[in-house]
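Each chain, written out:
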Amino acid sequence: MAKLCPKGKAAAKRKFDVYPSAYANMYASAVCSGKVKPGGKKKTKKKKKKKVYKAATGGGLRKWVQEKWVDIGAPKKDGKFQPCGRKNSKTSKRKYPKCVPLAKAKRMTAGQKTSAVKRKRAKAQGVGGKPTFVKTFKKKTAWT
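Quantities reported herein were computed from a predicted structural model and do not represent experimental measurements. Here the residue index of a chain counts from 1 through its sequence in written order. Totals for whole chains, interfaces and linings use all residues, but because this is a predicted model, local features are given only for residues with pLDDT of at least 70 and pairs of side-chain atoms are given and counted only at 80 or more. Side-chain measures were taken over the full set of non-hydrogen atoms in the model, leaving aside hydrogen atoms and water.

1. Topic: the overall build of the chain
Link 1 in the chain: What counts as a helix is a DSSP run of H or I of at least four residues, what counts as a strand is a run of E of at least two, and both are numbered from the N terminus. Helix and strand counts for the chain stand at five helices and three strands.
Link 2 in the chain: Each residue is placed in one exposure class: buried if its accessible area under a 1.4 Å probe, protein chains only, is under 20% of its type's maximum, exposed if it is over 50%, and partly exposed if it falls in between. Each of the 144 residues in the chain was classed as buried or not, and the buried ones make up 20%.
Link 3 in the chain: Contacts: residue pairs with any heavy atoms within 4.5 Å of one another. If you take every contact in the chain between residues at least 6 apart in sequence, the share linking residues at least 24 apart comes to 43%.
Link 4 in the chain: For the chain, the computed accessible surface area is about 12500 Å², with 58% contributed by carbon and sulfur atoms. In short, Shrake-Rupley with a 1.4 Å probe defines the accessible areas, and a residue's cover is counted only from the protein chains shown.

2. Topic: the pairing of strand β1 (residues 69–75)
Link 1 in the chain: With three bridges connecting them, β1 and strand β3 (residues 99–101) associate as antiparallel partners. Across the sheet, the residue bridging to Trp69 is Pro101, located in β3.
Link 2 in the chain: Relative to strand β2 (residues 81–83), β1 runs antiparallel, the two being bridged by three bridges. Paired with Val70 across the bridge in β2 is Pro83.
Link 3 in the chain: Between any two strands, at least two bridges found by DSSP are needed for them to pair. In this antiparallel pair of consecutive strands, β1 and β2, the connection spans five residues, and Gly79 shows a positive phi of 95°.

3. Some details on the state of the cysteines
A covalent bond between the sulfur atoms of two cysteines is referred to as a disulfide.
Link 1 in the chain: Two cysteine sulfur atoms form a disulfide, by the criterion used here, when they sit within 2.5 Å. Enumeration according to the criterion identifies two disulfides in this entry.
Link 2 in the chain: The residue that forms a disulfide with Cys5 is Cys32, at a sulfur-sulfur distance of 2.1 Å. Of note, the bridge from Cys5 to Cys32 carries an S-S torsion of about -100° and is left-handed in sense. Here Cys5 is found in the segment before α1 (6–15), whereas its partner Cys32 is found in helix α2 (residues 22–33), with 27 residues between them in sequence.
Link 3 in the chain: Bridging Cys84 to Cys99, the disulfide has an S-S length of 1.7 Å. Sign of the S-S torsion, about 80° for the bond between Cys84 and Cys99, identifies this disulfide as right-handed. Note that Cys84 is positioned in the loop between β2 and β3 and Cys99 in strand β3, a separation of 15 residues in sequence.
Link 4 in the chain: On the basis of relative accessibility, which here comes to 34%, the residue Cys84 falls in the partly exposed class.
Link 5 in the chain: What connects to what in the chain, once the bonded cysteines are numbered by sequence position, is 1-2, 3-4.

4. What about the packing of α1 against α2?
Link 1 in the chain: Angles run from 0 to 180 degrees between N-to-C directions of axes, and those axes are lines fitted to C-alpha atoms, restricted for helices to the stretch in contact. Here α1 crosses α2 at 135°, and the two axes come no closer than 8 Å. On the basis of their axis angle, the class for α1 and α2 is oblique. You can see that α1 and α2 cross each other, and the crossing is right-handed. Across from Lys7, Gly8, Lys9, Ala11, Ala12 and Lys15 in α1, the residues of α2 making contact are Ala24, Tyr27, Ala28, Val31 and Cys32.
Link 2 in the chain: Classification used: nonpolar for Ala, Val, Leu, Ile, Met, Phe, Trp, Tyr, Cys and Pro, charged for Asp, Glu, Lys and Arg, polar for all others including Gly. Grouping the constituent residues of the contact of α1 with α2 by class yields seven nonpolar, one polar and three charged. Roughly parallel covers angles under 35 degrees, roughly antiparallel covers those over 145, roughly perpendicular covers 65 to 115, and oblique covers all other angles. For any helix crossing, the convention is left-handed if the near helix is rotated counterclockwise from the far helix by under a right angle, and right-handed if that rotation is clockwise.

Shown next as structure tokens:
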């Protein structure tokens, strides 16, 4: 293993708060090999911007978390939906929510919504402290 040049070590100590570290050593070796000129400001933490994922770009957990979830069991009078969840299950007047992403709620027919809510509320809720999962769309049966 080659030793770092004194110029690289000194540049890394100036640039990074923690030395030795993996990043500081990579920087020092880059200075020693001539790939990077020493100097400049210390790296400061930049605020990350929240990425907005559109439905067309992939899926996964990020998209799932960033979707707007609504309760299809408690529609408002103007046709919109209330946000998913309740403040307190014991004191709330609202019944157990059936939550789906807003995009899916808009695509569903009135019959599909009532069917999903009925199936959700028919099952025992909160068994073992866990929420009850019920499929949003009923499985189609084959006619033979």
